[in-house]
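So the chains spell out like this:
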Amino acid sequence: MGRIRRLLARRRPGLVSLRTTFAVSFAAVTAAVTVLVGVLSYGAAARLVRVDQESVFDQVVQDLQDEVIQHRMTPEDFSVSAPGHDIVRPARTDVQVLGPDGKVVDAGSPGLPITGHDRAIAADEIAGKTQEYKDVGVDTDVYRIATVSLGNGRGAVQVAQEFSDTEDLLRALQQRTLILMCAVVIAAGLFGWWLARRITRRLILLTSAAEDVARTRRLGIEVPVTGYDEVGRLGRAFDRMLGRLAQSEEDQRRLVQDAGHELRTPLTSLRTNISLLRRIDELPPATRDELVADLGQEARELTDLVNELVDLAAGQSDTEPLQRVDLADIAEDVAGLARRRWGSPRSESGGGRQITVRASGDTTTDGRPGMLQRAISNLVENAAKFDRDGTGPIEIAVSGPARAGTVRVEILDRGPGIADGDLIRIFDRFYRAADARSLPGSGLGLSIVREVAMAHGGAPFAVQREGGGAVIGFTVGGVPGSGAGAGG
């Protein structure tokens, strides 16, 4: 039993398609509206016809009452042989005249039934006294009958109105209404099925594409959806999502490959030095010190590489909230940290270099301060690394706005500069110029700068500095980009 339930549960989503649901719903709503309108229309029409017929009959009876009350009339006055005193006889109206004893003087066509009440009305002394009967069967028809006294026991006049023809007409109208409602419901069902196919066709294509992606795990599948309605927007959004996922997958694959390549060198060097440790007792003291220093340096480089990989892969854009920041203040914080770090002339990273900050204009913008501080710090470290023996200060210039909401950050040094062929590639991941491969570093610092700039609606730049050195920096657009982040 449990297996059957699982099979039914597995198949249940595919039992009724969206197309069928839409078509049935459309037909059901149309049927409900058609039946409601049909019932209300038939009821109103039948009521109007019946009321009209009854009002006509009531008017005939009223005219007869007025006639016998105003004039002293006898049964002969209503005879067919005395047409001058005959009453108006509308269509489907029958008249029968009774004598004083209640017997028929002038029979109707067809003859109307006579009861004891009718005989009493014929013998009544009061003119215009009336006795009415409803739904009286005469032959195969149904009539409404009224017996009006002539007064002073002179007899009575019977007036009958046939209602069976009206009911037959209403029954025919009812049948036609039912046929019309059935035709409308069937037409609505067919139209709903056609409309459902037209509407859901693109959804079926979109669903097929999603199923193909889930089955094959290929993100390059084309989504064949057009139009500018909600389905078209969904298709284009799905296509863009697949593109972003494909790009993210490619970036992840490339990052793993590049990281593996870059990690291979320090790990190989570490293994070599560790193998030498087995014979450390055999080495002279100077060689031991050099070996230990190499191990420490390689460990630091490996740690820095891993940290930068983590920063690049994980990013900070998802965890750090946006806020109003002043890039000049952030630059001052970076300069202060660098001064404390490189305050000793024998510091590995810069040898006690002077770092200055220049700010001009409005340097405030919307951004993530941690990411921006990391980007400026990477630029300062990069400048110090390539100008280790320089005596001039490293300058941090922050200016804004060059255009509405744009702030520019520049790091200026007097190092060897950057070759023209390297200017457009220094922000690539793991790229290191030929003259920088002997220096410590992973090649990720400037890549992180690019990611931070793009995450803030800006871009990185690098140019030669007049008089020697380089100018490397980035712009912040004030409106963070939606597609880039520090995560890469």
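Residues numbered from 1 in each chain as written. Predicted model: local features only at pLDDT ≥ 70, side-chain atom pairs only at ≥ 80, totals over all residues. Heavy atoms only, no water.

Enquirer: I would appreciate a short explanation of a nonpolar patch on the surface in the present structure.
Expert: Residues Val-29, Val-33 and Val-37 make up a contiguous nonpolar surface patch of about 250 Å² in total accessible area. Residue placement: Val-37 occurs in helix H2 (residues 18–70). In this structure Val-37 comes out as partly exposed when scored by relative accessible area, which is 46%. (Patch = residues over 30% accessible without salt bridge, like charges linked within 9 Å, V, L, I, M, F, W, Y side chains within 5 Å. Areas by Shrake-Rupley, 256 points an atom, 1.4 Å probe, with all protein chains shown as cover. Salt bridge = Lys/Arg side-chain N within 4 Å of Asp/Glu carboxyl O. Helix = DSSP H or I, 4+ residues; strand = E, 2+ residues; numbered from the N terminus. Buried < 20%, exposed > 50% of the residue type's maximum accessible area, 1.4 Å probe, protein only.)

Enquirer: For this particular structure, what's the right way to read the sheet that holds strand S5 (residues 156–162)?
Expert: Within a sheet, adjacent strands bond to each other through the backbone by hydrogen bonds, running parallel or antiparallel. Strand order in the open sheet formed by five strands is S2-S1-S5-S4-S3, and the pairing between neighbours is antiparallel. The outermost strands of the open sheet, each flanked by one partner alone, are strand S2 (104–106) and strand S3 (130–138). Across this sheet, the average inter-strand angle for adjacent strands is 30 degrees, counted without regard to direction. The sheet strands contacting H2 are S3, strand S4 (141–149) and S5, and the helix crosses S4 at an angle near 20 degrees. (Pairing = 2+ DSSP bridges. Axes fitted to C-alpha atoms, helices over the stretch in contact; angles between N-to-C directions. Contact = heavy atoms within 4.5 Å.)

Enquirer: I'm lost on the pattern of salt bridges in this one. Help?
Expert: Two side chains with opposite charge may pair up if their charged atoms get near one another. Per the counting criterion, the structure on display carries nine salt bridges. Of the charged contacts, one joins Lys-129 and Asp-124 as a salt bridge, the two residues approaching to 3.2 Å between their closest N and O atoms. Arg-408 is paired through a salt bridge with Glu-410; the nearest N and O atoms lie 2.6 Å apart. Owing to a relative accessible area of 31%, Arg-408 belongs among the partly exposed residues under this scheme. Judged by relative accessible area, which is 19%, Glu-410 ranks as buried.

Enquirer: What am I meant to see in the side chain of Gln-158 here?
Expert: Along the chain, Gln-158 falls in strand S5. With near-sequence residues (within four places) excluded, Gln-158 lies in contact with Asp-94, Val-95, Gln-96, Leu-98, Leu-112, Pro-113, Ile-114, Asp-118, Ile-145, Ala-146 and Thr-147.

Enquirer: So what exactly am I meant to see when it comes to the packing of aromatic side chains here?
Expert: The description of two aromatic rings rests on the distance between their centres and on the angle between their planes. This model, assessed by the stated rule, comprises one aromatic pair. The lysine or arginine in question, Arg-408, covers the ring of Phe-461, its NZ or CZ lying 3.9 Å from the ring centre. (Phe/Tyr/Trp six-rings, centres within 6.5 Å; stacked < 30°, edge-to-face > 60°. Lys NZ or Arg CZ within 6 Å of the ring centre and 35° of its normal.)

Enquirer: Is there a simple way to think about the nonpolar core in this case?
Expert: Counting residues in hydrophobic clusters, the biggest one holds 38 residues, and the most contacted among them are Ile-376, Ile-396, Ile-472 and Phe-474. Those elements giving two or more residues to this core turn out to be helix H7 (327–341), strand S7 (355–361), helix H8 (369–386), strand S9 (394–400), strand S10 (407–412), helix H9 (445–455) and strand S12 (470–476). Among the elements that make up this core, the one with the highest residue count is H8 (eight residues). Those residues in contact with Ile-472, other than ones at most four positions away along the chain, are Leu-379, Asn-382, Val-409, Glu-410, Ile-411, Ile-418, Ile-426, Phe-427, Leu-446, Phe-461 and Ala-462. Phe-57, Val-61, Leu-64 and Leu-150 belong to the second-largest nonpolar core, a separate cluster that totals 14 residues. (Core = buried A, V, L, I, M, F, W, Y, C linked by side-chain atoms within 4.5 Å.)

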